[in-house]
Amino acid sequence: LDEPVQMLILEHVDTHIEFGVGLADSLGERFIELDDNNRKRILKETYHGMLFARYFGQSVGRLYGKMSNELRSTVMSHSENNPQFADGLGMGLGYVYATSDPALQSEIMLKAEKSYEISRGVGFGFGLTFPFLQEHDARNMVVSIADKNSELDMGFGMGLAVTYSNLPDELRKF
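Along each chain, the written sequence defines residue order, and numbers are assigned to residues from 1. Totals for whole chains, interfaces and linings use all residues, but because this is a predicted model, local features are given only for residues with pLDDT of at least 70 and pairs of side-chain atoms are given and counted only at 80 or more. Only hydrogens and water are set aside; all other atoms, that is, all heavy atoms of the structure, feed into the side-chain values.

Caption draft 1: Looking closely at the packing of helix H6 (residues 83-96) against helix H8 (residues 116-129). Structural elements are reduced to axes, namely lines fitted to C-alpha atoms, with helices fitted over the stretch in contact, and the angle between N-to-C directions of any two is expressed from 0 to 180 degrees. A helix here means a DSSP run of H or I that spans at least four residues, while a strand means a run of E at least two residues long, and both kinds are numbered starting from the N terminus. As a packed pair, H6 and H8 sit with axes 6 Å apart at the nearest point and diverge in direction by 35°. Considering the relative orientation of H6 and H8, their crossing is right-handed. Of H8, the residues touching H6 (which contributes Pro 83, Ala 86, Asp 87, Leu 89, Gly 90, Met 91, Leu 93, Gly 94 and Tyr 95) are Glu 117, Ile 118, Arg 120, Gly 121, Val 122, Phe 124, Gly 125, Phe 126, Leu 128 and Thr 129. Lys, Arg, Asp and Glu make up the charged group, whereas Ala, Val, Leu, Ile, Met, Phe, Trp, Tyr, Cys and Pro make up the nonpolar group; the residues left over, Gly among them, are polar. Per-class residue counts for the contact of H6 with H8 are 11 nonpolar, five polar and three charged. A clockwise turn of the near helix away from the far one marks a right-handed crossing, whereas an anticlockwise turn of less than a right angle marks a left-handed crossing. We call two residues in contact whenever any of their non-hydrogen atoms come within 4.5 Å of each other.

Right under this line is the structure:
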């Protein structure tokens with residue numbers, strides 16, 4: 001699309017919530033494929049709309065492990081200056097945590113230790129995936145995060161509240 005059309009689309013992000021959420025999620029899924037100019041434009045947009053920033057961050061977080069080190073660095077630098085983006089990024093990182101390789105899991109935990117927003121988001125992602133994990137894995141995750149990071153625990157509780165009605169009875173007992 002030419003630039004005037006792109007700008008018109010981005011203007012609707014803040015005024016049409018469902019459109020903004022869908023666009024943010026889709027752009028996050030394609031973020032790796034974009035050129036630097038378009039990446040910069042989209043990252044700039046995350047400073048104008050809270051929902052766009054959060055959903056875009058969540059989508060980018062789910063693909064974080066597939067990014068180059070340079071792109072990871074760019075994403076993290078924006079998360080330091082944009083709490084909504086950082087919270088969403090953490091959600092995406094937490095969502096893929098259980099299926100990530102150990103090196104990426106360690107990196108995620110290091111990022112969570114340095115940022116309240118990422119930490120809360122990672123916890124939320126844990127809560128969203130909790131019903132899909134094997135019972136043993138889920139219990140190990142709860143034990144491993146309990147009392148280590150209050151923001152992560154708070155996010156975990158928030159994510160778990162979203163999925164609580166889908167939990168089997170044996171996982172509802174803490």
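Caption draft 2: Representation of the environment of Gly 88 in the model. In this structure, Gly 88 sits in helix H6. Residue exposure (1.4 Å probe, protein chains only): buried if accessible area is under 20% of the type maximum, exposed if over 50%, otherwise partly exposed. Here Gly 88 falls in the buried class, since its relative accessible area comes to 0%. When near neighbours in sequence (up to four residues on either side) are disregarded, Gly 88 contacts Arg 54, Gly 57 and Gln 58.

Nothing here speaks to function; it is all geometry.
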